[in-house]
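Spelled out from the first residue to the last, the chains are:
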Amino acid sequence: MIRFVCIAVLSLVLMPGLVQAKKKKKQNERPNVVFIISDQHKKDALGCYGDELVITPNIDALAKEGVRLTNCYVAAPVCAPSRAALVTGMYPFANGAPYHKAPVKMANGKEKHLGSGFLRETGYHDGITTIGEAFQANGYITASPGKMHVHGELQKNVDEDNPDGNDLGWDEINTRYYTHFPGGHYQDEVGEDAYQRYRQFKKYAKVYKGGPGHLNEKYEPTLVKEDEDNFDMVVARKSVEFIKKRGKDGENFFLHVGFEKPHPPFTTTQKYLDMYNPADFTLPETATEWHGKGKYPWLPEWIHSGWPNKYPGATKNIMASYYACVTQVDDMVGRVVNALKEEGLYDNTIIIYTTDHGEHLFEHGLRGKHCMYEDAVNVPFIISYPKAFPKGEVNDILASFVDVMPTLCELTGTKVPETAQGISLVDNLKNGTRLLNRPVLSEYRSGNYNGFKEIKNLPSRMFRVDDYKFIYTHGIISQLYNVVEDPDELNNLVLDPAYQDMARDFCFHTLVDKPILEYQNLDLSIKHRTIKWQAFEQADSYSLYYAPDNNPGAAKMLVEGLTDLTYKVPKKGFYWVMAKPKYTRTSPRLGEVPVYLERYTYQLPITDAVEFVPKNQK
């Protein structure tokens, strides 16, 4: 009896303290992070980026409170690899996740292209620290309601070889989309019928033309019965719930908000459709350009759109539908930001708005993304944190998605993972300065190129430095644009003899030391002072590059026009060889100019480095 009384008294003594501890809110000086990412948002379709027709008051308000970048490049112009680069802080060639749908050899020997969430092997390499894991290690509560779409994320008990799954470092996960994630999917929130209505597939695939890819040429509303069951509304609700919890406990947090619009289908609620009149829209000047000159040989066939030429009225409906979806996203951004203000968290929170890639919306007569034109790869990026950054600033620094991780790590005192490839932009954002001669990259794998229709994952890669953008497309003539003087990218300088040296050097830096899965570099060896390299099957000639150290970024062209496969090197240092492909087949657009190799090859026209050290210096 005595023992019972003592315990009871002790419990009564402790209970007031426990109750008080639950009510006590942590006071944190470290900033929180709200990272808002939409899907397929054309940079120009925002008021703060100069569009007078679009209705985006909430995102525009963020721009007034922060810094707006005009040259932020995604690491890939398609969802999954772009998002994997963001999460890992690494380019696709380095993190091992370059595919939108990854090719997997099945037990029957056939190849199948799988989406994210089925197998760990299709994802980024083991040993990479994600942004979620970095912030977890720094004591942040992490959450990611909404679309993630990263190859490597895995629900438990899905992949028999990885039963524990892979949560990417997110403490709270819900409302996934495009990722197989049983128990944490959008369908689990709204039910099977609402999910199928929203995505416009399975039993609702034929209600609107195009199903999941419906462009809404008749300007019709979503099939979802309840407005708040639409995907972005659910994600906004989940985000607000998370913010309210942090408002109560004061814990530092990193909140990744994954909205899905304005990705197709271009359907939204009637409320947002009513905010626009399709007749107010004007087709882009280049909307029908390729119809007279021929399709672009360096682009997949299927992204060329016939809508503007055949049905200009319906095209305006599509454009208005897209803008209505943008306004829906803006409305949801407003809900998230307002929740921060209501909980007293706004002033101590870094807020970012961006998107995973752009949308042509008939620029160049194209639809979707899937290439390296500016509308596909140069995206809106706004960062608001008045404690550190000026308000209403516009910065034209060349930035990459791989820079997001180190930038946020510096702002929050989080250790930057050793695997991260990007750089922190904090000083540049504070001071409004640019980084000169700093390249940014983007890469893409696709099929349906006219010259090689049988190839499913033909690689292309963009290299942007200062005012110039170079684009390598394997087996197809390259592109070079001065995007400042030629913002519509209509003048391919590769065809101008005055730019041959620049194009050659940019090609070297685009390829060197950046492997492409499934493709092989040329072999290179050295004996005494003579280097010898493997022939590129369809070479016109070869160029030799040199650097005193094993730093390909500092390499310079030493000699060009080589036709032999050997060369006696003159001095100590590192050497690389690059082949100049010999194009032989033509296209309607460029007439007699050769644009395609005679046959496809899995050889890359570049070698790894070889070092020469004279005997007397070894």
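A closer look at helix α8 (residues 231-249)
Side chains of residues three or four places apart in an α-helix project in the same direction, reflecting 3.6 residues per turn. The end-to-end C-alpha distance of α8, which contains 19 residues, comes to 28 Å, matching closely the 27 Å that a straight helix rising 1.5 Å per residue would cover. One or two residues past the end of α8 sits Gly-250, with phi positive at roughly 75 degrees.

Overview of the pattern of salt bridges
Taken as a whole and judged by the stated rule, the model has 29 salt bridges. Notably, a salt bridge pairs Asp-39 with Lys-147, separated by 2.2 Å at the nearest N-O pair. Taken as a pair, Asp-39 in the loop between β1 (32-38) and α2 (57-65) and Lys-147 in the loop between β5 (141-145) and β6 (172-174) lie far apart in primary sequence, 108 residues in all. Here Arg-461 ties to Glu-443 by a salt bridge, and the two come within 3.6 Å at their closest N and O atoms. Residue Arg-461 is found in strand β13 (residues 458-465), and its partner Glu-443 is found in strand β12 (residues 440-446); the two are separated by 18 residues along the sequence. Glu-443 shares its class with Arg-461; the two are buried. Overlapping salt bridges, with partners in common, bring together Asp-39, Arg-83, Lys-147 and Asp-356 in one network.

Concerning the layout of surface pockets
By volume, the largest pocket amounts to about 1200 Å³. Of all elements in the fold, only β4 (111-114), α6 (186-190), α7 (192-199) and β12 reach the threshold of two or more residues within the lining of the largest pocket. By residue number, the principal contributor to the lining of the largest pocket is α7, which donates 4 residues. Of the residues in the lining of the largest pocket, the class split is 16 nonpolar, 21 polar and 11 charged. There is about 760 Å³ of room inside the second largest pocket. Pro-439, Phe-463, His-509, Lys-514 and Gly-553 are, among the 25 residues lining the second largest pocket, the residues nearest its centre. Those elements that place two or more of their residues in the lining of the second largest pocket are β13, α16 (500-511) and β20 (556-562). Per-class residue counts for the lining of the second largest pocket are 14 nonpolar, 5 polar and 6 charged.

Thoughts on the nonpolar core
Counting 120 residues, the largest nonpolar core has Trp-298, Ile-383, Leu-408 and Ile-531 as the members making the most contacts within it. Top contributing element to this core by residue count: strand β22 (residues 573-581), with 6 residues. Ranked by size, the runner-up nonpolar core spans 63 residues in total, among them Tyr-49, Val-190, Tyr-195 and Leu-255.

Concerning the environment of Lys-64
Among the structural elements, Lys-64 can be located in helix α2. Under the relative-accessibility criterion, Lys-64 is labelled exposed at 63%. With 69 residues separating them along the chain, Lys-64 and Glu-133 place their C-alpha atoms 31 Å apart. Leave out the neighbours within four places in its chain, and Lys-64 touches Lys-391 and Gly-392.

A word on empty space enclosed by the protein
Taken as a whole and assessed by the stated rule, the structure comprises 4 cavities of 30 Å³ or more. The calculated volume of the largest cavity comes to roughly 90 Å³. For the lining of the largest cavity, the element with the highest residue contribution is helix α14 (residues 404-412), accounting for 3 residues. Split by residue class, the lining of the largest cavity holds 10 nonpolar, 2 polar and 1 charged.

Quick word on the packing of aromatic side chains
A complete count under the given rule lists 35 aromatic pairs for this structure. Ring centres 5.8 Å apart and planes at 45 degrees place the aromatic pair Trp-170 and Phe-254 in the tilted group. Within this pair, whereas Trp-170 is found in the loop between β5 and β6, its partner Phe-254 is found in strand β7 (residues 253-258), the two being separated by 84 residues in sequence. The exposure classification of Trp-170 matches that of Phe-254, with both residues buried.

Procedures and definitions
Residues numbered from 1 in each chain as written. Predicted model: local features only at pLDDT ≥ 70, side-chain atom pairs only at ≥ 80, totals over all residues. Heavy atoms only, no water. Helix = DSSP H or I, 4+ residues; strand = E, 2+ residues; numbered from the N terminus. Expected span 1.5 Å × (residues − 1). Salt bridge = Lys/Arg side-chain N within 4 Å of Asp/Glu carboxyl O. Buried < 20%, exposed > 50% of the residue type's maximum accessible area, 1.4 Å probe, protein only. 1 Å grid on protein atoms, 1.4 Å probe; cavity = no way out; pocket = protein on both sides within 12 Å on 5 of 7 lines; lining within 4 Å. Points joined across faces, edges and corners; volume = space filled by probe spheres on them. Nonpolar A, V, L, I, M, F, W, Y, C, P; charged D, E, K, R; others polar. Core = buried A, V, L, I, M, F, W, Y, C linked by side-chain atoms within 4.5 Å. Contact = heavy atoms within 4.5 Å. Phe/Tyr/Trp six-rings, centres within 6.5 Å; stacked < 30°, edge-to-face > 60°.

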